[in-house]
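Each chain, written out:
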Amino acid sequence: MRLNKTITKPRGTNDILPGETEQWQYIEEIIRTVCRVYGYREIRTPVFEHTELFQRGVGETTDIVGKEMYTFKDRGDRSITLRPEGTAAVVRAYLEHKIYAAPQPVKLYYIGPMFRYERSETGRYRQFHQFGVEVLGVHSPSIDAEVIAMAIAVYQRLGLKELALHINSLGCPQCRVELRRKLQDFLRPHLKEFCPECQGRFERNPLRMIDCKNKECNNLVIEAPSILDYLCAECQVFFAGVKSGLDLLGISYIIDKNLVRGLDYYTHTAFEIMAKGIGAQSSIGGGGRYNGLVETCGGPPIPGIGYALGLERVLLAIKAQKVPLPPAGCLDLFVVTASTDAEQVAFEILAQARSQGYAADKDYTGRSLKAQMKYAGKLNARYTVIIGENELNNNTLAVKNMLTGEQVAIDREKLTEFIGGK
Ligand code: AMP
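Parameters at a glance
- Residues numbered from 1 in each chain as written.
- Predicted model: local features only at pLDDT ≥ 70, side-chain atom pairs only at ≥ 80, totals over all residues.
- Heavy atoms only, no water.
- Core = buried A, V, L, I, M, F, W, Y, C linked by side-chain atoms within 4.5 Å.
- Buried < 20%, exposed > 50% of the residue type's maximum accessible area, 1.4 Å probe, protein only.
- Helix = DSSP H or I, 4+ residues; strand = E, 2+ residues; numbered from the N terminus.
- Contact = heavy atoms within 4.5 Å.
- Axes fitted to C-alpha atoms, helices over the stretch in contact; angles between N-to-C directions.
- Left-handed = near helix turned anticlockwise from the far one by under 90°.
- Nonpolar A, V, L, I, M, F, W, Y, C, P; charged D, E, K, R; others polar.
- Pairing = 2+ DSSP bridges.
- Polar contact = N/O pair within 3.5 Å; in protein donor to acceptor, adjacent residues only side chain to side chain.
- Domains from an automatic or database assignment.
- Near = heavy atom within 4 Å.
- Areas by Shrake-Rupley, 256 points an atom, 1.4 Å probe, with all protein chains shown as cover.

Student: Let's hear about the nonpolar core: which residues, and what values?
Tutor: Membership of the largest hydrophobic core comes to 100 residues, with the highest contact counts inside it found for F131, V147, L165, I284 and Y307. Here this core gets 11 residues from one element, more than from any other, and that element is helix 5 (residues 141–157). Not counting the four nearest positions on each side in its chain, I284 is found in contact with Y155, L160, L163, I273, M274, A275, I278, L309, G310, R313, V314 and A317. With 18 residues, the next largest nonpolar core counts L333, A346, V385 and L415 among its residues.

Student: So what's going on with the packing of helix 1 (residues 21–37) against helix 5? Residues and values would help.
Tutor: Running from amino to carboxyl end, helix 1 crosses helix 5 at an angle of 140°, the nearest separation of the two axes being 10 Å. Between helix 1 and helix 5 lies a crossing of right-handed hand. Counting all contacts with helix 1, which are made through I30, I31, T33, V34, C35 and V37, the residues of helix 5 involved are M150, A153, V154 and R157. Here the contact of helix 1 with helix 5 is composed, by residue class, of 8 nonpolar, 1 polar and 1 charged.

Student: How would you sum up the sheet that holds strand 3 (residues 71–73)? Please name residues and give values.
Tutor: In space, the 3 strands of this open sheet follow the order 2-4-3, with antiparallel pairing throughout. The strands lining the two open edges of the sheet, one partner per strand, are strand 2 (48–50) and strand 3. Along the sheet, successive strands turn relative to each other by an average axial angle of 35°, direction set aside. With 3 bridges connecting them, strand 2 and strand 4 (residues 79–82) associate as antiparallel partners.

Student: Describe in detail the environment of T404, supporting the description with residues and values.
Tutor: Here T404 is to be found in the loop between strand 15 (396–401) and strand 16 (407–411). Through-space distance from the C-alpha of T404 to that of Y265 is 62 Å; in sequence the pair is 139 residues apart. There is a polar contact of 3.2 Å between the side chain of T404 and the backbone nitrogen of E406.

Student: Describe the domain arrangement of the protein chain, with residues and values.
Tutor: One widely used convention gives an interface's size as the accessible area the parts lose upon coming together. Its domain assignment divides the protein chain into domain 1 (21–174 + 232–320) and domain 2 (333–420). Its C-alpha centre places domain 1 at a distance of 49 Å from the equivalent point of domain 2.

Student: Describe the site of the ligand, listing the residues and the values that go with them.
Tutor: Residues in close proximity to the ligand total 14 residues, the closest being R116, E118, Y125, R261 and S283. Separating an oxygen atom of the ligand from a side-chain N or O atom of R116 is a distance of 2.9 Å. Between the ligand and Q130 there is a distance of 3.0 Å, counted from an oxygen atom to a side-chain nitrogen or oxygen. In the complex, 88% of the free accessible area of the ligand, which totals 490 Å², lies under the protein chains. Those elements that place two or more of their residues in the shell around the ligand are strand 6 (127–136), strand 10 (283–289) and strand 11 (304–310). No other element matches strand 10, which puts 3 residues into the shell around the ligand. Each residue belonging to the shell around the ligand can be placed in one class, and the counts come to 4 nonpolar, 5 polar and 5 charged.

Student: Please set out the pairing of strand 10 residue by residue, giving values where relevant.
Tutor: Among the 7 residues in strand 10, 7 count as buried, and that is most of the element. Pairing between strand 9 (residues 267–275) and strand 10: 6 bridges, direction antiparallel. The partner of A270 across the bridge, within strand 10, is G288. Here 5 bridges tie strand 10 to strand 11, and the two strands are oriented antiparallel to one another. The residue of strand 11 that forms the bridge with G287 is Y307.

Below you can see the structure in the form of structure tokens.
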């Protein structure tokens, strides 16, 4: 007999199964709580956008736009792209809905799937999930420090330890003119030794050669001139403000001159957070200031800063660091019936318990009494409620505590009172 070949999920995607979804919900709940206490409000933008948004809002020279986007023509012949990141769409919505006319700054957050056609490996997927925040309409080092502090607060509340915060300043377009010249002078003699992509970056955006993913390229830039040596007076003051903000908040950091988020509209603060124990893909979040982005997207010159963290990587770090996660959801009670006569009472009990918020269930497959008890155990039920002939006749229930094995008879109306807190 020839079986049909089963269809599997596309490479680089994950099914998040029951047992795992509870962990995701737990993480998302912590994220939402931190957002609320820091004054962020949720924004939900479409999963796909016009391709042009990312070409402009992420940048043509980036890996994302150059080779990682899921782009296709829709049936109306429009070029559509599955979002590879969250910031561009938030900025689009900010402009489209004139949110800039509201009192500024505006603090927004999002959680959702992103899509990048990357080489998949542990911690790097083609569909992955990001939580991100954007603060639009304020240019102040103290908000940069606060955004970083908030990212750290999320990790801390999740119980993560051994994190390393790397920060850098990318200056402003003015200080980058001088840096660009110095950098090109430094890189030119070694140009042939760089990867083909870096060779392409040399003219377009040499700053990006500093943070190439290729190890050989990294070795060639160890001694490269640093933007920190070319910051103009204003940018120096701003960066000092961010650092003293972090000092005030008691957050330690490593100054990493090779950390660049090399798009033209990225300015000033850049940061990345690494976690130990999750392998090569150790970045669990990163962000930076993008004072040029709103204008690039067709709006007024409005400053902004944001960051995003990868939920899959956070979960990997939680597991690697053996941080306890709440147990998978369990049933409060499972109703076991000895005969079909008990069905109606079973449904009444379920309806009452559920209306009071208890997680309650029964068997629907005609299992024997013994098999129902076993099944209740598999479902992790706290209590089983047994309705046999005696119980039917006396209006009582036999309630078994599945943890202790203790069984008592109680009046039917006393059930939820007996089993107590949810
Ligand atoms: P980025 O938007 O590239 O700055 O990424 C921000 C964060 O998203 C990273 O620190 C990772 O935690 C996560 N991330 C980025 N790309 C992927 C991916 N392909 N798979 C899983 N997580 C990712």
